[in-house]
Amino acid sequence: VKMKTKIIMSFLLATLCVSVSASMNGPKYHSALTVKTVFSEDRDKPVEVYYWYPTTNGKTNFTFGRGNIFKPVETQLDAPLASGKFPVVLLSQGGTRSAFSHSGWIASSLAQQGYVVVVPKPPAPNEINAEMAVDEITFRTSDLVLGLNELSSVGILSGGVDTDAVQGVGFFLGGTSMLMLSGAQISPEKYRTSCHNVTNVDCHWLRENDVDITNIPDQKFPRFQSENKLKSVVVINPELTKTFVPEALALMKNTITVVTLSERLHPALTPAESLVALPNVTFQEIPSASQFSAFAECTERGIKILASEGEEALCQERDEVSRKDNHQQILDIILASLTKS
């Protein structure tokens with residue numbers, strides 16, 4: 001009997017905790033989306049920037065993401081902006097070849113919490129060859145600046161955006177971008193050896209495609225003059241942190257939260273000691289989450305398809321924790337960091 005009561009009690013406690021965290025960060029608005037095409041001089045072609053924002057309109061009319069393997073996000077295109085002034089978050093979610101649809105769950109969640117979220121769309125995975133990998137590091141970062149600079153000309157948002165304190169949220173290579181916008185710099189020497197000491201997550205792909213990074217020229221690593229200093233950033237499993245110039249890291253003055261989704265962590269995603277040791281850096285770990293927890297939730301069909309291809313890890317979470325639970329944990333840490341700063 002004792003055992004049974006214990007189980008019931010722990011179940012009650014678990015549901016209690018979940019409902020408390022959900023109520024603290026439950027949606028305050030509905031999410032909406034408007035898309036603008038901006039020409040990028042760096043890429044020498046147009047980039048689509050997705051602006052997610054809060055609305056009080058409840059009717060969805062747009063599906064973001066295709067939804068055969070990963071669940072799409074139901075939102076609305078060009079709905080009226082909710083009244084008020086909303087802070088801006090730059091968002092970059094994904095590695096070099098990550099599908100853009102994975103940005104939907106987090107962008108939509110942040111919009112529901114009252115943020116205007118700026119998300120440039122990177123090239124699709126099939127448009128990026130291994131030779132382009134090194135350029136993407138700079139391009140993703142300049143795309144964010146482009147999306148932010150264009151914000152004032154997005155008519156549907158006019159008057160409702162507070163651009164005084166811009167903050168950033170980045171996953172994987174997007175995390176690298178946020179740190180670069182904060183003043184971090186990649187050392188060309190360290191990048192060139194990043195496949196000898198497993199500090200680069202793309203090495204296997206680069207090798208398969210005969211890309212030798214040991215002779216990449218210095219000019220591929222320009223310094224970012226970030227005139228719009230980000231007030232704070234949250235970086236989740238940021239890439240390439242061990243290739244940063246330590247002296248440049250020490251010049252970063254903003255509030256930085258480094259989050260590690262630490263289950264089965266790829267060694268290249270372990271954050272550099274020189275980063276974590278900084279006084280303005282808070283380090284947080286989510287042991288129940290793996291790098292794939294940052295992806296969108298899987299559909300039932302997706303789970304079967306990926307399992308048949310031997311890729312079931314893309315949908316697997318640990319123990320009794322669902323991907324939705326891990327998303328909530330990631331979101332809670334992000335929201336706490338954004339409001340604290």
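About the thresholds
Residues numbered from 1 in each chain as written. Predicted model: local features only at pLDDT ≥ 70, side-chain atom pairs only at ≥ 80, totals over all residues. Heavy atoms only, no water. Helix = DSSP H or I, 4+ residues; strand = E, 2+ residues; numbered from the N terminus. Contact = heavy atoms within 4.5 Å. Areas by Shrake-Rupley, 256 points an atom, 1.4 Å probe, with all protein chains shown as cover. Lys, Arg positive; Asp, Glu negative; His and termini not counted. Charge placed at Lys NZ, Arg CZ, Asp CG, Glu CD. Salt bridge = Lys/Arg side-chain N within 4 Å of Asp/Glu carboxyl O. Buried < 20%, exposed > 50% of the residue type's maximum accessible area, 1.4 Å probe, protein only. Pairing = 2+ DSSP bridges. Core = buried A, V, L, I, M, F, W, Y, C linked by side-chain atoms within 4.5 Å. Disulfide = S-S within 2.5 Å. Axes fitted to C-alpha atoms, helices over the stretch in contact; angles between N-to-C directions. Parallel < 35°, antiparallel > 145°, perpendicular 65-115°, else oblique. Left-handed = near helix turned anticlockwise from the far one by under 90°. Nonpolar A, V, L, I, M, F, W, Y, C, P; charged D, E, K, R; others polar.

## A short note on the overall build of the chain
Reasoning step 1: Secondary structure summary: the chain contains 10 helices and 10 strands in total.
Reasoning step 2: Projected onto its principal axes, the C-alpha positions of the chain cover 65 × 50 × 45 Å.
Reasoning step 3: Expressed as a percentage of contacts within the chain between residues at least 6 apart in sequence, the contacts between residues at least 24 apart total 78%.
Reasoning step 4: For the chain, the exposed area adds up to about 16100 Å²; of that, 55% sits on carbon and sulfur atoms.
Reasoning step 5: The chain carries 30 positive and 36 negative side-chain charges, and their two centres are separated by 7 Å.

## With respect to the pattern of salt bridges
Reasoning step 1: Enumeration according to the criterion identifies 11 salt bridges in this entry.
Reasoning step 2: With its nearest N and O atoms 3.0 Å apart, the salt bridge here joins lysine 36 to glutamate 150. Here the residue lysine 36 occupies a position in strand β1 (residues 30-40), and glutamate 150 occupies one in the loop between α3 (133-149) and β7 (161-171), the gap between them amounting to 114 residues.
Reasoning step 3: Between lysine 121 and glutamate 48 there is a salt bridge whose closest N-O contact spans 3.9 Å. Within this pair, whereas lysine 121 is found in the loop between β6 (116-120) and α3, its partner glutamate 48 is found in strand β2 (residues 45-55), the two being separated by 73 residues in sequence.
Reasoning step 4: Classification of lysine 121 as partly exposed rests on a relative accessible area of 33%.

## Comments concerning the pairing of β1
Reasoning step 1: Bridge count between β1 and β2: 11 bridges; the pairing is antiparallel. What sits directly across from valine 38, in β2, is valine 47.
Reasoning step 2: Counting the residues between successive antiparallel strands, the hairpin from β1 to β2 contains four residues, one of them, aspartate 44, with a positive phi of roughly 60 degrees.
Reasoning step 3: In this sheet, strand β4 (residues 73-77) lies alongside β1 in parallel orientation, the contact comprising two bridges. Residue pairing for β4: leucine 33 is matched across the bridge by leucine 77.

## Here's the deal with the nonpolar core
Reasoning step 1: One finds Leu90, Leu151, Leu157, Tyr191 and Leu275 to be the most contacted residues of the largest nonpolar core, which totals 56 residues.
Reasoning step 2: Ranked by size, the runner-up nonpolar core spans 41 residues in total, among them Phe172, Leu269, Cys315 and Leu338.

## Let's talk about helix α4 (residues 173-181)
Owing to its 3.6 residues per turn, the α-helix aligns residues three or four sequence positions apart on the same side.
Reasoning step 1: Along α4, nine of the nine residues are buried, which leaves the element largely enclosed by surrounding structure.
Reasoning step 2: The inward-facing, buried residues of α4 contact β5 (86-93), α3, β7, β8 (232-236), β9 (255-263) and α8 (273-276).
Reasoning step 3: A positive backbone phi angle near 120 degrees is found at glycine 183, which sits one or two residues after α4.

## Re the pairing of β7
Reasoning step 1: Across the 11 residues of β7, eight count as buried, placing the element largely inside the fold.
Reasoning step 2: Sheet topology note: the β5/β7 ladder contains seven bridges and is parallel. Paired with leucine 90 across the two strands is glycine 168, which belongs to β7.
Reasoning step 3: With five bridges connecting them, β7 and β8 associate as parallel partners.

## A look at the environment of serine 83
Reasoning step 1: Relative to the helices and strands, serine 83 is located in the loop between β4 and β5.
Reasoning step 2: Judged by its relative accessible area of 70%, serine 83 falls in the exposed class.
Reasoning step 3: Considered as a pair, serine 83 and glutamate 150 are 67 residues apart in the sequence and their alpha carbons are 21 Å apart.

## Looking at the state of the cysteines
Reasoning step 1: Under the counting rule described, the total for this entry stands at two disulfides.
Reasoning step 2: For cysteine 195, the disulfide goes to cysteine 203, at an S-S distance of 2.1 Å. Classification of the bridge connecting cysteine 195 and cysteine 203 rests on its S-S torsion, roughly -95 degrees, and on that basis the disulfide is left-handed. In this pair, the class of cysteine 195 matches that of cysteine 203, namely buried.
Reasoning step 3: Two residues, cysteine 298 and cysteine 315, share a disulfide whose sulfurs are 2.1 Å apart. Since a negative S-S torsion denotes a left-handed disulfide, the cysteine 298-cysteine 315 link at about -95 degrees is left-handed.

## Brief notes about the sheet that holds β4
Whether parallel or antiparallel, the strands of a sheet pair through hydrogen bonds between backbone atoms.
Reasoning step 1: The 10 strands are arranged β3-β4-β1-β2-β6-β5-β7-β8-β9-β10 in an open sheet whose pairing can be described as mixed. Of all the strands in the sheet, the pair left with one neighbour each is β3 (62-64) and β10 (281-290). Within the sheet, the average angular offset between the axes of one strand and its neighbour, ignoring direction, is 30 degrees.
Reasoning step 2: Here β5 pairs with β6 via three bridges, running parallel.

## Some points on the side chain of threonine 260
Reasoning step 1: Here threonine 260 shows up in strand β9.
Reasoning step 2: On the accessibility criterion, threonine 260 (2% relative accessible area) is buried.
Reasoning step 3: Every residue in contact with threonine 260, bar those within four places of it in the chain, is listed here: Asn237, Leu265, Pro271, Phe283, Gln284, Glu285 and Ile286.

## A word on the packing of α3 against α4
Reasoning step 1: As a packed pair, α3 and α4 sit with axes 9 Å apart at the nearest point and diverge in direction by 65 degrees. Between α3 and α4, the angle is such that the two are roughly perpendicular. By crossing handedness, the relation of α3 to α4 is classed as right-handed. Of the residues in α4, those touching α3 at Glu136, Ile137, Arg140, Thr141, Leu144 and Val145 are Leu173, Ser177, Met178, Met180 and Leu181.
Reasoning step 2: Among the residues forming the contact of α3 with α4, the class breakdown is seven nonpolar, two polar and two charged.

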